[in-house]
Amino acid sequence: LFSSLRDLYSQFLKEMIIQPGIAKANLGVSREDVTLEDHPLNPNPDSRWNTYFKDNEVLLQIDKDVRRLYPDMAFFQRPTDYPCLLILDPQNEFETLRKRVEQTTLKSQTVARNRSGVTNVSSPLKTTPNSLSEYEVLPNGCEAHWEVVERILFIYAKLNPGIAYVQGMNEIVGPLYYTFATDPNSEWKEHAEADTFFCFTNLMAEIRDNFIKSLDDSQCGITYKMEKVYSTLKEKDVELYLKLQEQNIKPQFFAFRWLTLLLSQEFLLPDVIRIWDSLFADDKRFDFLLLVCCAMLTLIRDQLLEGDFTLNMRLLQDYPISDVHLILKKAKELQDSK
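Residues numbered from 1 in each chain as written. Predicted model: local features only at pLDDT ≥ 70, side-chain atom pairs only at ≥ 80, totals over all residues. Heavy atoms only, no water.

J.: Help me understand the overall build of the protein in this model?
T.: Looking only at helices and strands, the protein features 17 helices and 2 strands. The buried share of the protein, taken over its 338 residues, is 44%. Expressed as a percentage of contacts within the protein between residues at least 6 apart in sequence, the contacts between residues at least 24 apart total 72%. Of the roughly 18,100 Å² of accessible surface on the protein, a fraction of 53% belongs to carbon and sulfur atoms. (Helix = DSSP H or I, 4+ residues; strand = E, 2+ residues; numbered from the N terminus. Buried < 20%, exposed > 50% of the residue type's maximum accessible area, 1.4 Å probe, protein only. Contact = heavy atoms within 4.5 Å. Areas by Shrake-Rupley, 256 points an atom, 1.4 Å probe, with all protein chains shown as cover.)

See below:
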């Protein structure tokens with residue numbers, strides 16, 4: 001099963017990155033009359049160029065997000081021991097995702113005219129912090145771990161056009177990829193990219209509704225789940241529930257991020273992996289996630305009961321307890337007290 005899925009992933013790479021890259025490179029070589037074939041200004045939605053430009057928008061968003069993955073850890077900036085040979089084969093004269101990002105960013109330079117009529121071209125590379133200039137791109141033949149994650153997300157977006165890529169998915173794929181790419185067994189490590197892709201796809205099948213805005217208010221959407229955190233809290237600790245209600249602290253203010261990103265932004269990566277271990281081991285994993293959120297609230301109940309709106313918002317948006325074992329133990333107690 002593993003080898004057939006890994007072969008399938010190689011197929012995705014060929015179809016979605018390599019072949020379009022070769023086609024683009026060839027168009028640069030054979031400049032035929034653009035009126036005779038598909039060309040960049042072709043308005044037809046089925047045009048290859050149209051797809052190419054739309055893909056570039058998605059790619060730039062992914063690129064911006066994956067470069068910032070876990071900035072407190074050097075891991076994602078380091079080169080992988082197993083760069084993708086299909087992509088990095090020096091025989092391949094095709095446009096890689098790395099080249100696409102560089103070219104698209106260059107093309108999206110902003111032209112600004114000052115009051116005396118002088119035109120300045122300001123490159124996004126220089127003006128925005130957190131952009132391409134923040135991290136050095138590794139030399140040819142090497143790939144950073146974030147570039148591998150970028151490819152996984154790009155292929156997911158291509159295969160799932162209904163949802164494509166939504167900010168936050170990078171935070172979901174990060175811990176999965178890290179787990180595979182740091183496995184002590186080199187056989188798993190070597191196939192981290194393909195294995196992460198299929199695990200991520202399976203996980204997204206269960207949580208994708210959180211990322212679809214039109215479903216927010218439906219029973220499978222994120223609003224319903226946030227309300228469920230409060231109704232569970234009301235059941236378990238009515239005094240705390242009433243205090244939060246009285247201060248008009250809505251679950252959207254903190255539970256949106258907790259639930260959508262499965263707490264991946266609230267704790268350090270090893271602790272996130274520990275929490276996910278408990279979530280994924282539970283049949284009703286997302287019911288258990290609600291209990292973990294309630295446990296997080298009840299563990300700081302004394303501070304919340306004493307605090308005003310501003311103080312409490314700060315506590316909830318920058319959660320003070322880092323001992324995840326304590327949180328999981330409390331969640332289990334809440335689960336057993338039904």
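J.: Just checking my understanding: could you explain helix α6 (residues 145–159) for this structure?
T.: For an α-helix, 3.6 residues make a turn, and residues three or four places apart therefore share a direction. The terminal C-alpha atoms of α6, which comprises 15 residues, lie 22 Å apart, in line with the 21 Å expected from a rise of 1.5 Å per residue. Counted residue by residue, α6 has 13 buried out of 15 residues, so it is predominantly covered. (Expected span 1.5 Å × (residues − 1).)

J.: What is the right way to look at the side chain of asparagine 210 in this model?
T.: For asparagine 210, the location among the structural elements is in the loop between α9 (192–207) and α10 (222–236). Residue class for asparagine 210 comes out buried when judged on its relative accessible area of 7%. Only 2.7 Å separates the side chain of asparagine 210 from the side chain of lysine 225, close enough to count as a polar contact. (Polar contact = N/O pair within 3.5 Å; in protein donor to acceptor, adjacent residues only side chain to side chain.)

J.: Before we go on, may I ask you to explain the environment of aspartate 65 in this structure?
T.: Relative to the helices and strands, aspartate 65 is located in helix α2 (residues 48–66). Judged by its relative accessible area of 2%, aspartate 65 falls in the buried class. Separated by 105 residues in the primary sequence, aspartate 65 and asparagine 170 have C-alpha atoms spaced 6.6 Å apart. With residues up to four places along the chain from it excluded, the contact list for aspartate 65 reads Tyr165, Gln167 and Asn170.

J.: Explanation requested: unusual backbone geometry in the structure shown.
T.: Only a minority of non-glycine residues have a phi that is not negative, and only a minority of peptide bonds are not trans. Of note in this structure, alanine 164 is not a glycine but carries a positive phi near 55°. Locating alanine 164 in the fold gives a position in the loop between α6 and α7 (169–181). At asparagine 248, a residue that is not glycine, the phi angle is positive and equals roughly 60°. Here asparagine 248 lies in the loop between α11 (238–246) and α12 (255–260).

J.: Which parts of the structure should I look at to understand the environment of tyrosine 319?
T.: If you trace the backbone, tyrosine 319 turns up in the loop between α16 (309–317) and α17 (324–336). Between the C-alpha atom of tyrosine 319 and that of glutamate 266, which follows or precedes it by 53 residues, the distance is 6.7 Å. Contacts of tyrosine 319, omitting those with residues within four sequence positions, involve Trp258, Phe267, Ala295, Met296, Leu299, Ile300 and Ile327. Side-chain polar atoms of tyrosine 319 contact the backbone oxygen of methionine 296, separated by 2.6 Å.

J.: Quick question: what am I supposed to make of the pattern of salt bridges here?
T.: Any two side chains of opposite charge can pair, given that their charged atoms come close. Under the counting rule described, the total for this entry stands at 14 salt bridges. Taking the shortest distance from any N to any O, the salt bridge between arginine 67 and aspartate 63 comes out at 2.6 Å. What makes arginine 67 buried here is its relative accessible area of 4%. Ionic pairing is found between arginine 301 and aspartate 302, a salt bridge with its closest N-O pair at 4.0 Å. Classification of arginine 301 by relative accessible area gives partly exposed; the value is 23%. (Salt bridge = Lys/Arg side-chain N within 4 Å of Asp/Glu carboxyl O.)

J.: Help me understand the packing of aromatic side chains in this model?
T.: The relation between two aromatic rings is expressed through the spacing of the ring centres and the mutual angle of the planes. Going through the model one piece at a time under the given rule, you end up with 16 aromatic pairs. Between phenylalanine 197 and phenylalanine 198, the ring centres sit 5.0 Å apart and the planes meet at 85°, which makes this aromatic pair edge-to-face. With respect to burial, phenylalanine 197 and phenylalanine 198 carry one shared label: buried. The interplanar angle of 50° and the centroid separation of 5.6 Å between the aromatic rings of tryptophan 276 and phenylalanine 280 together place this pair among those described as tilted. Taken together, the residues span about one helical turn, with tryptophan 276 and phenylalanine 280 both in helix α13 (residues 269–281) at a distance of 4 residues. Given a relative accessible area of 29%, phenylalanine 280 falls into the partly exposed group. Members of the aromatic cluster, each reached through a chain of ring pairs, are Tyr230, Tyr241, Phe254, Trp258, Phe267 and Tyr319. (Phe/Tyr/Trp six-rings, centres within 6.5 Å; stacked < 30°, edge-to-face > 60°.)

These figures come from the coordinates and say nothing about function on their own.
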